[in-house]
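One letter stands for each residue in the lines below.
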Amino acid sequence: MNRAAALRLGAFAGAVALAFGAAFGIGSAIEPIAAAGDTSAAAGTQPHGEEMGGMQGHEAGGQLPGLAVSDSGYTFAPANTLFTSGTKTQLRFMIKGPDGKPVTQYTKTHEKDLHLIVVRRDLSGFKHVHPTMAADGTWSIPFTFTAGGTWRLYADFQPAGHDGTITLGTDVNVSGMYVPVPVADPASVYSFDGYDVTLQGTPVAGKESELTFEVSKDGKPVTDLQPYLGAFGHLVSLRGGDLAYLHNHPAEHADPGSKGGPEITFGTTFPTAGTYSLFLDFQHAGAVHTAEFTVKVDSTGTAIVPPAALPTHDEKEAHDHEPVR
């Protein structure tokens, strides 16, 4: 059973679940703040069109992206930190600048003023969305948290006049039934809705590693991927344990109306050895799809090799009906 299905199942498993309540609001009150003057802790300093949420801060000894609620004078300020699962609500927040006032001017990165990533702390329920901003600097978007638990929000943006992108993170707590969803075992293929996405590469801790994803549909290579955020794919990597954030795009730019695929290649730097969850977004046939992978990274490099043959339809169905462990 894939993680999305397991997360949906968790919402109905009250008999074996723990209820989350307002007491968990404590978690969002102790967010770390990057050291004053430590601009290296910002999520990236690459110019527009290149890497977002890079790991330059790690190389300079700074804090990794997404771990702090406040950095470089900017603060992620949610309007509310307690929600109810299964209920459509408005996610509202501001980005406050060094002067304490809401930021209202941004430099677009990958076609958007701000990217919002939402994921539960067990790395299930991943969503990449784009809220809208009101004149007073309040960002908002309708959102439904699918299950109880603690969820992580990441805001990825570049303030106007700032020399690079910043990624800030904060927790919110969702009341409701909570069933932990285990992180999937490492695998080189992710299959869903007729799509098969394979992963190939040799990730090495602390060095740029090339990762190549190949997309097929109903057994045939997809050669008409559509541009999404100015590229043919969008990759977010989260480190297991602390959920440090890495946000990359492929080197290939995608002009409006162009077609890509079946391969999408990224240059990705994993800052340390460990287990990472990778979320690949791509657009095909007018819809954005997400493929999820678990990757173990070490200091020597272990090759990820796609299977010689993709799972058959019967094998996929059998896998989807496996019990939750």
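Residues numbered from 1 in each chain as written. Predicted model: local features only at pLDDT ≥ 70, side-chain atom pairs only at ≥ 80, totals over all residues. Heavy atoms only, no water.

*Asks:* So what's going on with the overall build of the protein? Residues and values would help.
*Replies:* Looking only at helices and strands, one finds three helices and 20 strands in the protein. Across the 325 residues in the protein, those meeting the buried criterion constitute 48%. If you take every contact in the protein between residues at least 6 apart in sequence, the share linking residues at least 24 apart comes to 70%. Counting every atom, the protein has about 14500 Å² of accessible surface; 54% of that belongs to carbon and sulfur. (Helix = DSSP H or I, 4+ residues; strand = E, 2+ residues; numbered from the N terminus. Buried < 20%, exposed > 50% of the residue type's maximum accessible area, 1.4 Å probe, protein only. Contact = heavy atoms within 4.5 Å. Areas by Shrake-Rupley, 256 points an atom, 1.4 Å probe, with all protein chains shown as cover.)

*Asks:* Outline the packing of aromatic side chains, supporting the account with residue identities and numerical values.
*Replies:* Considering all chains together, one arrives at 18 aromatic pairs under this definition. Look at F83 and F145: their rings are 5.1 Å apart centre to centre, the planes differ by 40 degrees, and that puts the pair in the tilted class. Here F145 lies in the loop between β9 (138-144) and β10 (149-157) and F83 lies in strand β4 (residues 82-84), a separation of 62 residues in the sequence. Take F83 and F145: they sit in the same class, and that class is buried. Look at F143 and F145: their rings are 4.9 Å apart centre to centre, the planes differ by 65 degrees, and that puts the pair in the edge-to-face class. On the accessibility criterion, F145 (0% relative accessible area) is buried. Ring pairing ties together the aromatic residues Y190, F192, Y195, F213, F266, F282 and F293, which thus form one cluster. Lying over the aromatic face of Y154, R152 brings its terminal NZ or CZ to 5.8 Å of the ring centre. Looking at K217, its charged tip hangs above the ring of Y195, at a distance of 4.6 Å from the centre. (Phe/Tyr/Trp six-rings, centres within 6.5 Å; stacked < 30°, edge-to-face > 60°. Lys NZ or Arg CZ within 6 Å of the ring centre and 35° of its normal.)

*Asks:* Break down the side chain of T198 for me, with residues and values.
*Replies:* Its place among the elements puts T198 in strand β13 (residues 195-201). Judged by relative accessible area, which is 11%, T198 ranks as buried.

The analysis is restricted to geometry; functional conclusions fall outside its scope.
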